[in-house]
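Each chain, letter by letter, is given below.
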Amino acid sequence: MTSLPATMTAIEISEPGGPEVLKPATRPMPLPGMGEVLIAVKAAGVNRPDLQQRQGGYDPPPGASDIPGLEVAGRIVALGLGVPHLRIGDEVCALVAGGGYATHCVAPAPQTLPVPKGLTMVEAAAIPETFFTVWTNVFERARFQPGESILIHGGTSGIGTTAIQLTRALGAHQIFATAGTIEKCRACEALGATRGIDYKIMDFLKVIREMTGGRGVDVILDMVGGDYVQRNLSALAMEGRLVNVAFLKGAKIEVNLAPVMLKRLTVTGSTLRPRTVEQKGAIAAQLHRTVWPLLEKKTVRPVIYRTFPLAQAAEAHRLMESSEHIGKIVLEL
Ligand SMILES: NC(=O)c1ccc[n+]([C@@H]2O[C@H](COP(=O)([O-])OP(=O)(O)OC[C@H]3O[C@@H](n4cnc5c(N)ncnc54)[C@H](OP(=O)(O)O)[C@@H]3O)[C@@H](O)[C@H]2O)c1
């Protein structure tokens, strides 16, 4: 192990609240345990769950760092026992259950992947949270297959920009994506969507019915919930699958479930953060095999909207709250 300073700088949530509660702090240097690595962080992705954690609505799972940040890229500076396949000096990106907004971050080795060749640290830091989430929800839970059609809500979110590109690269027939402005809809189309739907001026259900000849789509990836749920069920084809990764407009609704029975639909969803290292490691292995070659060929790419220095994490959160962004916001060290 190289000699490490005794302390590190992190951005902590001083109390639940607005972006101003994100404050730089000095914390003891974390040390990697069995099966873990310590990463000197060069960049850390910002995700909407970080905003929910800051507001006091999304506590870290037991044992995870209270420092926000679910993904990092950097260089390994220390190894715990039982990590035979990684070395000090390796450039990696990692999915973590917390602790990303810091100069140093501990990551489980199975959730640590090499920086894809040709990508910057900022790009690499923007990969794990959305690629793990899209992979496990769209391809595993919703069983998306080549030749199928998909509706992706929040098309320009970090999750949406990833889902559009991955389903396009892996053989989607038609991709529909909703977004809140015409400019965002065009961005979805530039990433590979067949049609961006400005949900503020158009009913997505009507567009889906028109563009699929009344058939509907095979899969819907949704983060909105609320009044979208009933229309999602209506927009699905026979044997369709609805997968929710969030309920930004609410999870408690009154819904007519008859379409689930009549069209033999599957309604599912999941959260990534509380899953075991083993489960996340299995997703990492799939991504490494299937998606890393696509990233290295630039068939898919993380879409970086803006970077901020770590000390300006509050500004990064304000930007995400504005929903002005297209793609990812990343903290740079
Ligand atoms: N389940 C999981 O494992 C998991 C993992 C990661 C993220 N997530 C969830 O996935 C969602 C996307 O995450 P992200 O980091 O990609 O977020 P993001 O980049 O901030 O994107 C969220 C987008 O959703 C759209 N939106 C639609 N309705 C909204 C509403 N009522 N309130 C706020 N935004 C709304 C906004 O775009 P428009 O203005 O164009 O509508 C916004 O830009 C978040 O809800 C997050 O919590 C879930």
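Worth saying up front: this structure is predicted, and the values here are computed from it rather than measured.

Analysis parameters
Residues numbered from 1 in each chain as written. Predicted model: local features only at pLDDT ≥ 70, side-chain atom pairs only at ≥ 80, totals over all residues. Heavy atoms only, no water. Helix = DSSP H or I, 4+ residues; strand = E, 2+ residues; numbered from the N terminus. Rg over C-alpha atoms; globule rule 2.2 N^0.38 Å. Buried < 20%, exposed > 50% of the residue type's maximum accessible area, 1.4 Å probe, protein only. Contact = heavy atoms within 4.5 Å. Areas by Shrake-Rupley, 256 points an atom, 1.4 Å probe, with all protein chains shown as cover. Lys, Arg positive; Asp, Glu negative; His and termini not counted. Charge placed at Lys NZ, Arg CZ, Asp CG, Glu CD. Core = buried A, V, L, I, M, F, W, Y, C linked by side-chain atoms within 4.5 Å. Patch = residues over 30% accessible without salt bridge, like charges linked within 9 Å, V, L, I, M, F, W, Y side chains within 5 Å. Salt bridge = Lys/Arg side-chain N within 4 Å of Asp/Glu carboxyl O. Axes fitted to C-alpha atoms, helices over the stretch in contact; angles between N-to-C directions. Parallel < 35°, antiparallel > 145°, perpendicular 65-115°, else oblique. Nonpolar A, V, L, I, M, F, W, Y, C, P; charged D, E, K, R; others polar.

**Q** Report on the overall build of the chain, specifying residues and quantitative values.
**A** When helices and strands are counted, the chain shows eleven helices and 15 strands. Taken over the C-alpha trace, the chain has a radius of gyration of 20 Å; the compact-globule value for 333 residues is 20 Å, and the two agree within 12%. Summarising its shape, the C-alpha atoms of the chain cover approximately 65 × 40 × 35 Å along the three principal directions. Of all 333 residues assigned to the chain, the portion counted as buried reaches 54%. Excluding contacts between residues fewer than 6 apart, the proportion of contacts in the chain whose partners are at least 24 apart in sequence is 67%. Carbon and sulfur atoms provide 55% of the accessible area of the chain, an area that totals close to 13,900 Å². The distance from the centre of the 34 positive side-chain charges to the centre of the 30 negative ones in the chain is 4 Å.

**Q** Give me the environment of G226: which residues, what numbers.
**A** For G226, the position within the fold is in the loop between β11 (217–222) and α7 (228–235). You can call G226 buried: its relative accessible area is 5%. For the pair G226 and K249, spaced 23 residues apart in sequence, the C-alpha separation works out to 4.7 Å. Filtering out sequence-adjacent residues up to four positions away, G226 remains in contact with K249, G250 and I253.

**Q** Explain the nonpolar core to me, and be specific about the residues and the numbers.
**A** By size, the foremost hydrophobic cluster in this structure holds 66 residues, and its most contacted members are F131, F132, I164, L166, L287 and L295. Ranked by residues supplied to this core, first place goes to helix α3 (residues 128–141) with six residues. With sequence-adjacent residues up to four places away left out, L166 is seen in contact with F131, V134, F139, V291, L294 and V300. Judged by nonpolar contacts, the second largest core, of 36 residues, contains M8, A44, V77 and I329.

**Q** Describe in detail a nonpolar patch on the surface, supporting the description with residues and values.
**A** Taken together, the side chains of I253, V255 and L257 present a nonpolar region at the surface, about 230 Å² in accessible area. Relative to the helices and strands, V255 resides in the loop between β12 (236–244) and α8 (258–262). V255 gets classed as partly exposed once you look at its relative accessible area, which sits at 30%.

**Q** How would you sum up the packing of helix α6 (residues 204–211) against α7? Please name residues and give values.
**A** Two elements in contact, α6 and α7, have axes separated by 10 Å at closest approach and are oriented at 5°. Viewed along their axes, α6 and α7 adopt a mutual orientation that is roughly parallel. The residues of α7 that touch α6, namely those facing F204, L205, I208 and R209, are Y228, R231, N232, S234 and A235. When the residues that make up the contact of α6 with α7 are grouped by side-chain class, the tally is five nonpolar, two polar and two charged.

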